[in-house]
Amino acid sequence: MCDVEKEVIKELFSMQDLEYKNFHSKLIPNIQEETIIGVRTPALRKYAKEFAKNNQAEQFLKCLPHRYYEENNLHGFLLEQIKDFEPCMEEVEKFLPYIDNWATCDMLAPKAFKKNLPELFKKIKVWIKSDKTYTVRFAIGMLMRYFLDEEFDIRYPRMVAKVRSDEYYINMMIAWYFATALAKQYEAVLPFIENRQLDTWTHNKAIQKAVESRRITPEQKTYLKTLKIKTK
């Protein structure tokens, strides 16, 4: 553990909320409870903005792997503040292999990415084939965040539909992607559901999440329910 990391951990524990720790640890069952300090996200974001102005922030980014969940989230929030695409991407690629939970993965949304979507897509094509759960999840999350509106192309859901995994956190992200895609690009994406291009669990979960969405019309929800695959 590097010196700056010791100082950061001390600061994080000063913001600890044990009630929040107990609640939040239940939402991330795949990581050890003792690695969760219990810092609320708004407080952590505020600290990240202040810490980013400190010349020690750059040193902290080199202290991988981190021990605590909040350290990883702080790391992600610091990366979001890197304004230029190339250095931001370089740091994200260093960090991705160390992400070990869905929350840290889904929080990471660098603003610099939006400014260079063609280059981002090149990286997504690599990440989505990774053998690391949260790298794949991150890739699908980036497709969902940046490529479902004016940048939409049918090749994107095709990429996601081809992903096959036994990992719950990958399949849940695929379901979330298709539920969101149905809300934003219903006519284009519906055939993926009609033609059962996802595995059964993910197919049914995508329909469930779509039906729960306020952005799907009652008529669309009624039809989607008819497409659920019955399981024993």
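Residues numbered from 1 in each chain as written. Predicted model: local features only at pLDDT ≥ 70, side-chain atom pairs only at ≥ 80, totals over all residues. Heavy atoms only, no water.

(A) Up close: the overall build of the protein. A count of helical and extended segments in the protein gives 14 helices and zero strands. Whereas a compact globule of 232 residues would reach a radius of gyration of roughly 17 Å, the protein reaches 19 Å, a difference of no more than 12%. When the 232 residues of the protein are sorted by exposure, 51% land in the buried category. Within the protein, contacts between residues separated by at least 24 positions form 69% of all contacts whose residues are at least 6 apart in sequence. For the protein, the accessible area works out to roughly 12600 Å², and carbon and sulfur atoms hold 48% of it. (Helix = DSSP H or I, 4+ residues; strand = E, 2+ residues; numbered from the N terminus. Rg over C-alpha atoms; globule rule 2.2 N^0.38 Å. Buried < 20%, exposed > 50% of the residue type's maximum accessible area, 1.4 Å probe, protein only. Contact = heavy atoms within 4.5 Å. Areas by Shrake-Rupley, 256 points an atom, 1.4 Å probe, with all protein chains shown as cover.)

(B) Layout of the pattern of salt bridges. With the rule as written, the count across this model stands at nine salt bridges. Taking the shortest distance from any N to any O, the salt bridge between Arg45 and Glu80 comes out at 3.3 Å. With a gap of 35 residues between them, Arg45 in helix α3 (residues 41–51) and Glu80 in the loop between α5 (69–79) and α6 (85–95) connect regions that are remote in the sequence. Residue classification places Glu80 among the buried residues on the basis of a relative accessible area of 6%. One salt bridge connects Asp153 with Arg155, and the closest N-O pair in it is separated by 3.8 Å. Given the relative accessible area of 31%, Asp153 is considered partly exposed. (Salt bridge = Lys/Arg side-chain N within 4 Å of Asp/Glu carboxyl O.)

(C) Structural detail: helix α1 (residues 3–14). The end-to-end C-alpha distance of α1 is 17 Å, a good match for the 16 Å that 12 residues give at a rise of 1.5 Å each. Along α1, the positions that sit buried rather than exposed are Val4, Glu5, Val8, Ile9 and Leu12. Buried positions in α1, seen along its axis, are confined to an arc of 135° and lie on one side of it. Seen from the open side of α1, the exposed residues pointing more than 90 degrees away from its buried face are Asp3, Lys10 and Ser14. On its buried face, α1 sits against α3, α4 (57–60) and α5. (Expected span 1.5 Å × (residues − 1). Arc of directions from axis to C-beta.)

(D) Highlighting the state of the cysteines. Enumeration according to the criterion identifies zero disulfides in this entry. Free cysteine: Cys88, not disulfide-bonded; nearest cysteine sulfur from Cys105 at 15 Å. For Cys88, a relative accessible area of 0% puts it in the buried group. Classification of Cys105 by relative accessible area gives buried; the value is 2%. (Disulfide = S-S within 2.5 Å.)

(E) Just the packing of aromatic side chains, in detail. For the structure on display, the rule yields 13 aromatic pairs. Arranged with centres 5.0 Å apart and planes meeting at 85°, the rings of Tyr168 and Tyr169 form a pair that is edge-to-face. Ring pairing ties together the aromatic residues Tyr134, Tyr168, Tyr169 and Trp201, which thus form one cluster. (Phe/Tyr/Trp six-rings, centres within 6.5 Å; stacked < 30°, edge-to-face > 60°.)

(F) Here's a closer look at a positive patch on the surface. A cluster of basic residues, Lys125, Lys129, Arg158 and Lys162, forms a positive patch on the protein surface. Residue position: Lys162 is located in the loop between α10 (155–161) and α11 (168–184). A relative accessible area of 69% means that Lys162 is categorised as exposed. (Patch = residues over 30% accessible without salt bridge, like charges linked within 9 Å, V, L, I, M, F, W, Y side chains within 5 Å. Lys, Arg positive; Asp, Glu negative; His and termini not counted. Charge placed at Lys NZ, Arg CZ, Asp CG, Glu CD.)

(G) Fine view of α3. Of all the residues in α3, the buried ones are Leu44, Tyr47, Ala48 and Phe51. Looking down the long axis of α3, one finds its buried residues gathered within 105° of arc, a one-sided arrangement. Across from the buried face of α3, at angles greater than 90 degrees, the exposed residues are Pro42, Lys46 and Lys49. Packing partners of the buried residues in α3 comprise α1, α4 and α5.

(H) Here's a closer look at the environment of Glu151. As for its placement among the helices and strands, Glu151 is situated in the loop between α9 (133–146) and α10. In this structure, the C-alpha to C-alpha distance between Glu151 and Pro118, residues 33 residues apart in sequence, is 10.0 Å. The contacts of Glu151, once residues within four sequence positions are left out, are Leu117, Tyr146 and Tyr156.

(I) Quick look at the environment of Trp201. With respect to the secondary-structure elements, Trp201 resides in helix α13 (residues 200–212). When neighbours within four sequence positions are excluded, Trp201 is seen to be in contact with Tyr168, Asn171 and Met172.

(J) How the structure looks around the nonpolar core. By size, the foremost hydrophobic cluster in this structure holds 83 residues, and its most contacted members are Phe113, Leu120, Trp127, Leu143, Tyr177, Phe178 and Leu224. Setting aside its immediate chain neighbours within four residues, Trp127 contacts Met89, Glu93, Leu96, Phe113, Leu120, Thr135, Val136, Phe138, Ala139 and Met142. (Core = buried A, V, L, I, M, F, W, Y, C linked by side-chain atoms within 4.5 Å.)

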